[in-house]
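Structure assessment
So the chains spell out like this:
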Amino acid sequence: MSASPPVALTIAGSDSGGGAGLQADLRTFTACGVHGCVAVTAVTVQNSVGVTAVVEIPPSTVADQVRAVADDIGVAAVKTGMLASAAIIRAVAQVCDEVGIGRCRAVALVVDPVAASMHGDPLLAEDALAMLRSELLPRATLVTPNLDEVRLLVGLDIGSPAEQREAARALHALGPRWVLVKGGHLRGDSPCLDLLYDGSELTAFTSPRLATPHTHGSGDTLAAAITSALARGTTVPQAVGYGKRYVEQAVAHAYPLGAGVGPVSPFWRLRPETEPIRCGGKVHKPP
Ligand code: PLP
């Protein structure tokens, strides 16, 4: 028997293409040394060129999944991704209070405020934004919007680091303990600048801008790596530093898949298989 790893839970949608959503979260959790549990919110019909359909899971079933995991297995940190609808957000906020997840509770809550895919396909109903603002952000330990999500949440169009700072303050006023404003979508050749803000101090995290078209799942992967670090007991600034380093490598190892945008890769972390597998008197060599 081995010692049990820390447990992280993702409350997220499924991506049939396997590059983003709960699939990216679970791969990242595994590669970052935590056991991943999942509360599915929606099933997307999706490939490398876009999302063609979304089927939502009933809000009570989303909450039941969270309750089932929290009551029996226990969780050290939680992440939300695609939440699809106002009713699901309300159910998630309620069950988080019930089982002790969130900024004033024992278990950290990382909210990735997913609104649309990089192809522009909606992943959150328009009428759900208000619920995200009023019910989930005040419960978040950390919220991790990209610039499009910042515009939707606080109505600011960001074109410079000064405006990024203003957005961090505006988002913090909505109630999360920490805000990470991701600058990866800023145009230009300058390094990617992400700003972390706790209401008093701004910390800048920079990383090189890598030339790859294959960035599907990068936001999920960053938030999942941060959640993994929190599950392992780090502080929020340490977790963000860890997540940034992790996703930088995942983007550097991104690969093409299908005709459109390929996924970032968590596999840089895993060693290739070298040992043969012995089974029923046969020896299977690694490929
Ligand atoms: N599909 C699902 C189910 C997601 O949760 C997300 C992001 O969280 C996406 C797609 C979008 O990923 P990207 O914007 O990296 O394409």
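None of these values were measured; they are calculated from a predicted model. (Residues numbered from 1 in each chain as written. Predicted model: local features only at pLDDT ≥ 70, side-chain atom pairs only at ≥ 80, totals over all residues. Heavy atoms only, no water.)

Attention now goes to the overall build of the chain. A tally of helices and strands in the chain yields eight helices and 11 strands. Against the 2.2 N^0.38 benchmark of 19 Å for 287 residues, the chain shows a C-alpha radius of gyration of 19 Å, consistent with a compact globule. With the principal axes as the frame, the chain shows a C-alpha extent of 65 × 45 × 40 Å. The buried share among the 287 residues of the chain stands at 50%. Considering only intrachain contacts with a sequence separation of at least 6, the fraction spanning at least 24 residues in the chain is 66%. Here the chain has roughly 13100 Å² of accessible surface; of this, 54% comes from carbon and sulfur atoms. Both charge centroids of the chain, one from 23 positive and one from 26 negative side chains, sit 7 Å from each other. (Helix = DSSP H or I, 4+ residues; strand = E, 2+ residues; numbered from the N terminus. Rg over C-alpha atoms; globule rule 2.2 N^0.38 Å. Buried < 20%, exposed > 50% of the residue type's maximum accessible area, 1.4 Å probe, protein only. Contact = heavy atoms within 4.5 Å. Areas by Shrake-Rupley, 256 points an atom, 1.4 Å probe, with all protein chains shown as cover. Lys, Arg positive; Asp, Glu negative; His and termini not counted. Charge placed at Lys NZ, Arg CZ, Asp CG, Glu CD.)

Here we come to the site of the ligand. Taken together, 14 residues lie around the ligand, and Gln46, Val114, His216, Gly217 and Asp220 are the ones closest in. Measuring from an oxygen atom of the ligand, one finds a side-chain N or O atom of His216 at 2.6 Å. The contact in question runs from an oxygen atom of the ligand to an N or O atom on the side chain of Asp220, over 2.5 Å. In isolation the ligand has 400 Å² of accessible area, and contact with the protein removes 93% of it. Here the shell around the ligand is built from residues that sort into five nonpolar, eight polar and one charged. (Near = heavy atom within 4 Å. Polar contact = N/O pair within 3.5 Å; in protein donor to acceptor, adjacent residues only side chain to side chain. Nonpolar A, V, L, I, M, F, W, Y, C, P; charged D, E, K, R; others polar.)

Let's shift gears to the pattern of salt bridges. Proximity of charged atoms lets side chains of opposite charge pair with each other. For the structure shown, the criterion picks out nine salt bridges. Measuring nitrogen to oxygen at the nearest pair gives 3.7 Å for the salt bridge that ties Asp97 to Arg105. For Lys244, the salt bridge goes to Asp194, with nearest N and O atoms at 3.0 Å. Taken together, the residues span a long stretch of sequence, with Lys244 in helix H8 (residues 236-252) and Asp194 in strand E8 (residues 192-197) at a distance of 50 residues. Considered together, Lys244 and Asp194 belong to a single accessibility category, that of buried residues. (Salt bridge = Lys/Arg side-chain N within 4 Å of Asp/Glu carboxyl O.)

Attention now moves to the sheet that holds strand E9 (residues 202-207). The nine strands are arranged E3-E2-E1-E4-E5-E6-E7-E8-E9 in an open sheet whose pairing can be described as mixed. Looking at the sheet topology across the chains shown, the edges are occupied by strand E3 (50-56) and E9. Sheet topology note: the E8/E9 ladder contains six bridges and is antiparallel. Directly across from Cys192, in E9, lies its bridge partner Ser207. (Pairing = 2+ DSSP bridges.)

Our focus in this paragraph is the pairing of strand E4 (residues 77-80). Successive side chains on a regular strand alternate, one facing one side of the sheet and the next facing the other. Residues of E4 alternate between two faces, with Ala77 and Lys79 on one and Val78 and Thr80 on the opposite face, all of them buried. Bridge analysis of strand E1 (residues 7-15) against E4 gives four bridges, and the strand direction is parallel. Among the inter-strand pairings, Ala8 is bridged to a residue of E4, identified as Ala77. Of the pairings in the sheet, the one linking E4 to strand E5 (residues 108-111) comprises four bridges and is parallel in character. Bridge pairing in E5 places Ala77 opposite Ala108. Handedness of the crossover joining E4 and E5 through helix H3 (residues 86-99): right-handed. (Right-handed = clockwise from strand over helix to strand, strands pointing away.)

Here we take up helix H5 (residues 147-154). Buried residues of H5: Leu147, Glu149, Val150 and Leu153, and no others. Within H5, the buried residues cover an arc of 150° as seen down the axis, which keeps them to one side. On its buried face, H5 sits against helix H4 (129-136), helix H6 (161-172) and strand E7 (178-182). Regarding H5, its N-cap is Asn146, as a side-chain oxygen of that residue lies 3.1 Å from the backbone nitrogen of Asp148 further along. One or two positions beyond H5, positive phi appears at Gly155, with a value near 70°. (Arc of directions from axis to C-beta.)

What follows deals with the environment of Leu222. Topologically, Leu222 is positioned in helix H7 (residues 218-231). The spacing of Leu222 and Ala84 is 138 residues in sequence and 20 Å in space, taken between C-alpha atoms. Residue contacts for Leu222: discarding those within four places in its chain leaves Leu180, Lys182, Asp194, Gly243, Lys244 and Val247.

Another point: the nonpolar core. Core analysis: the largest hydrophobic core is formed by 51 residues, its most contacted members being Leu9, Ile11, Val78, Ile89, Val92, Leu136 and Val181. Examining the composition of this core, we find that eight residues originate from one element, H3, more than from any other. (Core = buried A, V, L, I, M, F, W, Y, C linked by side-chain atoms within 4.5 Å.)

With that out of the way, let us pick up the packing of aromatic side chains. If you walk through the whole model with that rule in mind, you get zero aromatic pairs. The residue whose ring lies beneath Arg169 is Tyr197, and the NZ or CZ to ring-centre distance is 5.8 Å. (Phe/Tyr/Trp six-rings, centres within 6.5 Å; stacked < 30°, edge-to-face > 60°. Lys NZ or Arg CZ within 6 Å of the ring centre and 35° of its normal.)

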